[in-house]
2 protein chains.
Amino acid sequence: MEDISQDTATRAGLVMETVRTRIAARALAAGARVPSIRTMSEQLGVSKSTVVEAYERLVAQGTLVARRGSGFYVAGHAPPLALGALGPRLDREIDPLWLTRQSLESDSGALRPGCGWLPESWLPQDAVRRALRALARDPGAPLTDYASPSGLPALRQHLSWRLAQRGVEAEPRQIVLTDGGTQALDLVCRFLLEPGDTVLIDDPCYFNFQALLRAHRVRVAGVPYTPAGPDLAAFERALIEHRPRLYVTNSAIHNPTGATLAPTVAHRLLKLAEAHDLLIVEDDIFADFETGPAPRLAAFDGLARVVTIGSFSKTMSAAARCGFIAARADWIESLVDLKLAVSFGNGELTADLVYRLLVDGTYRHHLDALRARLADAMSETLQRLGALGIEPWTRPQAGLFVWARLPGGLDAARVAREALEADVVLAPGNVFSVSHSAGDFLRFNVSQCNRPKVYETLQRAMERCAQPA
Amino acid sequence: MEDISQDTATRAGLVMETVRTRIAARALAAGARVPSIRTMSEQLGVSKSTVVEAYERLVAQGTLVARRGSGFYVAGHAPPLALGALGPRLDREIDPLWLTRQSLESDSGALRPGCGWLPESWLPQDAVRRALRALARDPGAPLTDYASPSGLPALRQHLSWRLAQRGVEAEPRQIVLTDGGTQALDLVCRFLLEPGDTVLIDDPCYFNFQALLRAHRVRVAGVPYTPAGPDLAAFERALIEHRPRLYVTNSAIHNPTGATLAPTVAHRLLKLAEAHDLLIVEDDIFADFETGPAPRLAAFDGLARVVTIGSFSKTMSAAARCGFIAARADWIESLVDLKLAVSFGNGELTADLVYRLLVDGTYRHHLDALRARLADAMSETLQRLGALGIEPWTRPQAGLFVWARLPGGLDAARVAREALEADVVLAPGNVFSVSHSAGDFLRFNVSQCNRPKVYETLQRAMERCAQPA
């Protein structure tokens, strides 16, 4: 008798564990009806009375709620989505959203060597003003109506031409406009991913990839990045171990490292992707900073399993949200359906504004001047950082970013916290690292590093952090 | 012996069924590792050899893939998200996305009495031009930088005041700007919903609610709508039966019916929501068409369990995407984190443009004229439809829409298909009805109904459809 009752208790325990596991795996959501007594009894091969006992104990524990005549339900409502709750709990200092908030919220007196964009004065404000006036004058300008589903045809035509300059062949009908590069990535992720999928990212990578992917309820796995691209041996191991659906990367001017993908790495990476049925998103929003064309996965692959994303937020205007997706032709119809369902289309007014700037010659001149200015700022920043003993991991060919290591194993998160008290926003390495293995790195934005106070504050913060806590 | 082997077969069948169920419920995604032999054996209380047999049969059937030394995985990759595949298969003619595509893609010569917005000539184009010029002149205008996390403070301040005019008390810090009303709803749904949740919608309701909710992988349940709001008895039954997380509705000028929520219904509905822990999104994008203030759930509730959404796409410009969310204060931080993760913020340039139009007096005059013009168009449309035997379900107090029934049980989808051949886009009732119980209804947009061709085409299409197919 005792044996039997113990056995019943064990079996009830299994049923309880099954229910708890399904709730934890979100197979049973808060408020969802759990399987009926009969169904569960059949599914698990236990008696109905065992299931009843298990359910009643789960009610007593507050896990389930019984509704008369209707069955058992998962108790309560889950709280609204908190991105922090979807991943491991991070210190606010190295939470991917921390840097976003600091960069966007710090007051105008703050210096922001850790932020990811150019100072306003480096952007083509006068050209934007001229384009706004032209838009206001043009009787045919799209001022009030919804955009066509894929977005302004003239801009898509022009983007097709621009992409061809980087070796990416995409017809206008393969291009879909969005309100910025982040929205483009978000749309592609919604299109390609299901909750529970695994996504590979570079370690380190752009910090917002982690925050965005959390919102998609997917798992992320990091692959170490080398100065020539991802570490291919680690990449292959990750493919076998995690069977990821998607890999998200920047090839041309990698964020945060400033590295550039080598052609041989691109080739081998695509072979691996093919063998393991992996899709790739190439976030190419830094393309226009390039001084010489780097290899692109989208160019090698011909947009078969690679989707490319672009934006004008970094080089033209982030206030006029305009980005795009280029993808294989047979995905476009469904991708546009999804875009319409979740946004009812992109903004035609800003798309038209961007198009005007692209075709009136302004943008090309702006980029020429910008690249030269950035090259100068890069040299100066490297020299000044070197004087503090902060050495670059690689010397970037172009772009905004320097990925650099603090001397003596200093804790970059602590240094960043100290600097923030002097109104200097730094970007600590672990914000970018899913494995948290970049604790002594900082990312510097050379366009935001031209003030002596940056280096003075950095030096003082480093000195303080070198002392025992 | 035979009994035992049959029992083993049955037990293996249960394991197989468990795996298949989890795949179907998306608890196991394509490519995911299934539980180990040992884990599954313990979970289901069957022997390891039974689990091995089950897994091997699932491999033979192509459901699973075995990887040497690594375990068993769900085979293949799911195809990219197709919204059609997430819900019941619909005829393209009554697919919610059909009307969106037809309205946006039809050439400029087409007439669009079925579309959901005003003709360009009814929108304040000259005022938009003036605001663009003012923006271009203003040295402090936000032309190139990212927006602050919640969006332009001055606009949020003004929106707080506007909401108060409708009885909705929301401080500026409770308001979050978005790129349009659809993006606002999408963000709130991502914030509040998990895949598998159930959402209540009105039957009929704005067709894009269905498409958008499909993209969130939630189930929808419809509640019949009456001229005073949702049918409360059906609403309560749905709460008990489906335990929904959320109800999405428009109260003030209901789309597609033009009905207005009665105060008593609002009160009782909120009592039910409280008793069943239901959250509510009130999509109030037609608010500015109102001639007299209607009851709002957000006003009754004080933004405790109601989130309100607004936009200027319908009354000012859909090309300058600008919408907003007003919600309880303790949700804002997480909501803004999510907004940054998936969009990196709304467009500041268009927010500033909208703000200029709101405060320079232009918008108020525009609305006064627009309401009068719509009232005239409403009278004329009702009269002309009446002449064809098409009767309104209710006479709307304001707004764009007339929800009307075809005589003699005519099939509105067929009528719409016939009319499309004459380049007239109609909106068949079942596009709006999750139960497909509005097969003889059409939604008319009175601002797009002022051409004789609309009625001539409609008459001809009805005559054709009245004949046996």
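All values derive from a computational prediction rather than experimental measurement. (Residues numbered from 1 in each chain as written. Chains lettered and ligands numbered in written order. Predicted model: local features only at pLDDT ≥ 70, side-chain atom pairs only at ≥ 80, totals over all residues. Heavy atoms only, no water.)

### Some points on the interface of chain B and chain A
At step 1: Opposite the 99 residues of chain B that make contact, chain A presents 100 residues.
At step 2: Taking both partners together, chain B and chain A bury about 9000 Å²; carbon and sulfur atoms supply 54% of that area.
At step 3: The three residues of chain B that bury the most area against chain A are T144(B), Y146(B) and R243(B), which together make up 9% of that side's buried surface.
At step 4: Inspection of the region where chain B meets chain A yields six salt bridges.
At step 5: Taking the shortest distance from any N to any O, the salt bridge between D186(B) and R190(A) comes out at 2.6 Å.
At step 6: Taken together, chain B and chain A are joined by 36 residue pairs in polar contact (both at pLDDT 80 or more). (Contact = heavy atoms within 4.5 Å. Buried area = accessible area lost by both parts, 1.4 Å probe. Salt bridge = Lys/Arg side-chain N within 4 Å of Asp/Glu carboxyl O. Polar contact = N/O pair within 3.5 Å; in protein donor to acceptor, adjacent residues only side chain to side chain.)

### A short note on unusual backbone geometry
At step 1: Put simply, D203(A) and P204(A) share a cis peptide bond, and its omega is 5°.
At step 2: Along the polypeptide, P204(A) turns up in the loop between β4 (198-203) and α9 (207-215).
At step 3: Positioned with a positive phi, R217(A) is a non-glycine residue whose angle comes to about 60°.
At step 4: Relative to the helices and strands, R217(A) resides in the loop between α9 and β5 (219-226).
At step 5: A positive phi angle, close to 55°, is found at F344(B), a residue other than glycine.
At step 6: As for its placement among the helices and strands, F344(B) is situated in the loop between α13 (329-343) and α14 (348-359). (Helix = DSSP H or I, 4+ residues; strand = E, 2+ residues; numbered from the N terminus.)

### Describing the pairing of strand β5 (residues 219-226) of chain B
All names here are of chain B.
At step 1: Here six bridges tie strand β4 (residues 198-203) to β5, and the two strands are oriented parallel to one another. Its bridge partner being in β5, D202 is matched across the sheet by V223.
At step 2: Read from β4 through helix α9 (residues 207-215) to β5, the crossover connection turns out right-handed.
At step 3: In textbook terms, the turn of a hairpin is the stretch between consecutive antiparallel strands, and for β5 and strand β6 (residues 229-230) this stretch comprises two residues. (Pairing = 2+ DSSP bridges. Right-handed = clockwise from strand over helix to strand, strands pointing away.)

### As for the packing of aromatic side chains
At step 1: By the definition in use, this model includes 30 aromatic pairs over all chains.
At step 2: On the numbers, 4.8 Å between centres and 75° between planes, the contact of F235(A) with Y247(A) is edge-to-face. In this pair, F235(A) sits in helix α10 (residues 232-242) while Y247(A) sits in strand β7 (residues 246-249), placing the two residues 12 residues apart along the sequence. Both residues of the pair, F235(A) and Y247(A), belong to the buried class.
At step 3: Relative to F441(B), the ring of W403(B) has its centre 4.8 Å away and its plane inclined at 10°; by these criteria the two rings are stacked. (Phe/Tyr/Trp six-rings, centres within 6.5 Å; stacked < 30°, edge-to-face > 60°. Buried < 20%, exposed > 50% of the residue type's maximum accessible area, 1.4 Å probe, protein only.)

### Some thoughts on the confidence of the model for chain A
At step 1: Looking at chain A, pLDDT values average 90 and 92% of them are 70 or higher.
At step 2: Per-residue pLDDT stays below 50 along residues 86-90 of chain A; that stretch engages in 12 contacts with residues further than four places along the chain or on separate chains. (pLDDT = per-residue confidence, 0-100.)

### Remarks on the relation of the copies chain B and chain A
At step 1: By a simple turn and slide, chain B fits onto chain A: the slide is 0.0 Å along the axis, the RMSD is 0.2 Å, and the turn is 180°. With respect to symmetry, the two chain copies, as superposed, fit the operation of a two-fold axis.
At step 2: The share of interface residues of chain B whose copies in chain A are also at the interface is 100%, consistent with both copies meeting through the same surface. (Least-squares fit on C-alpha atoms with pLDDT ≥ 70 in both.)

### Examining the pattern of salt bridges
Residues and elements named next belong to chain B.
At step 1: For the structure on display, the rule yields 40 salt bridges over all chains.
At step 2: Here R57 ties to E53 by a salt bridge, and the two come within 2.9 Å at their closest N and O atoms. Taken together, the positions of R57 and E53, both in helix α3 (residues 48-60) and four residues apart, correspond to about one turn of that helix.
At step 3: Taking the relative accessible area as the measure of exposure, R57 reaches 33% and is therefore partly exposed.

### Examining helix α2 (residues 37-44) of chain A
Residue and element names in this part refer to chain A.
At step 1: All buried positions along α2 are accounted for by M40, S41, Q43 and L44. Here the buried residues of α2 occupy an arc of 165° about the axis, which is enough to place them on one side.
At step 2: Residue G45 follows α2 closely and has a positive phi angle near 65°. (Arc of directions from axis to C-beta.)

### Describing the nonpolar core
The tendency in soluble globular proteins is for nonpolar side chains to be buried as a group.
At step 1: Counting residues in each nonpolar core, the largest one holds 294 residues, and the members touching the most others are F444(A), L458(A), I325(B), F444(B) and L458(B).
At step 2: Residue contacts for I325(B): discarding those within four places in its chain leaves Q174(B), I175(B), V176(B), T178(B), A184(B), L187(B), V188(B), V307(B), T308(B), I309(B) and L335(B).
At step 3: In terms of nonpolar packing, the next biggest core, distinct from the first, is built from 34 residues, M16(A), L64(A), V74(A) and F72(B) among them. (Core = buried A, V, L, I, M, F, W, Y, C linked by side-chain atoms within 4.5 Å.)

### Considerations on the sheet that holds strand β10 (residues 323-326) of chain A
Residue and element names in this part refer to chain A.
At step 1: Overall, mixed pairing links the eight strands, which are arranged β3-β10-β9-β8-β7-β4-β5-β6 in an open sheet. Sheet topology places β3 (175-178) and β6 (229-230) at the edges, where each strand pairs with a single neighbour.
At step 2: The pairing of β3 with β10 spans four bridges and is antiparallel. Directly across from L177, in β10, lies its bridge partner F324.

### Examining the environment of S160(A)
Residue and element names in this part refer to chain A.
At step 1: Assignment of secondary structure puts S160 in helix α7 (residues 153-165).
At step 2: On the basis of relative accessible area, S160 is assigned to the buried category, the value being 14%.
At step 3: Separated by 43 residues in the primary sequence, S160 and D203 place their C-alpha atoms 31 Å from one another.
At step 4: When neighbours within four sequence positions are excluded, S160 is seen to be in contact with A170, E171, P172 and I175.

### With respect to the packing of helix α6 (residues 125-137) of chain B against α14(B)
Residues and elements named next belong to chain B.
At step 1: With their axes 9 Å apart at the nearest point, α6 and α14 run at an angle of 120° to one another. Relative to α14, the crossing made by α6 is right-handed. Only L349, D352, L353, R356 and L357 of α14 make contact with α6, whose side of the interface consists of A127, V128, A131, L132, A134 and L135. (Axes fitted to C-alpha atoms, helices over the stretch in contact; angles between N-to-C directions. Left-handed = near helix turned anticlockwise from the far one by under 90°.)

### Looking at the sheet that holds strand β12 (residues 401-405) of chain A
All names here are of chain A.
At step 1: A sheet is described by the order of its strands in space; here four strands give the open sequence β11-β12-β14-β13, paired in antiparallel fashion. Unpaired on one side and paired on the other, β11 (391-392) and β13 (427-428) mark the two borders of the sheet.
At step 2: In terms of strand pairing, β11 meets β12 through two bridges, oriented antiparallel. The residue of β12 that forms the bridge with E391 is R405.
At step 3: Strand contacts of helix α15 (residues 362-387): β11, β12 and β14 (441-445), with the helix running at about 15° to β12, the strand carrying the most contacts.

### Overview of the state of the cysteines
At step 1: Tallied over the full model, the rule gives zero disulfides over all chains.
At step 2: With no disulfide of its own, C322(A) lies closest to C322(B) among cysteine sulfurs, the gap being 17 Å.
At step 3: Judged by relative accessible area, C322(A) falls into the buried class, the value being 2%.
At step 4: We note that C115(B) lacks a disulfide partner, and the nearest cysteine sulfur, in C449(B), lies 9.6 Å from it. (Disulfide = S-S within 2.5 Å.)

### Things to note about α10(A)
Residue and element names in this part refer to chain A.
At step 1: Those residues of α10 lying buried are L232, A234, F235, A238 and L239. When α10 is viewed along its axis, its buried side chains cluster within an angular range of 155° and face the same direction. Residues of α10 that are exposed and point more than 90 degrees away from the buried face comprise R237 and E241.
At step 2: Positive backbone phi, approximately 45°, marks R243, located one or two places after α10.

### Considerations on the packing of helix α10 (residues 232-242) of chain B against helix α11 (residues 263-275) of chain B
Residues and elements named next belong to chain B.
At step 1: Taken N-terminus to C-terminus, the directions of α10 and α11 make an angle of 10°; their axes are 11 Å apart at the nearest point. Classified by the interaxial angle, the pair formed by α10 and α11 is roughly parallel. For the pair formed by α10 and α11, the contact residues are L232, F235, E236 and L239 on the first element and V265, R268, L269 and L272 on the second.
At step 2: Along the lines of polarity and charge, the residues of the contact of α10 with α11 split into six nonpolar, no polar and two charged. (Parallel < 35°, antiparallel > 145°, perpendicular 65-115°, else oblique. Nonpolar A, V, L, I, M, F, W, Y, C, P; charged D, E, K, R; others polar.)

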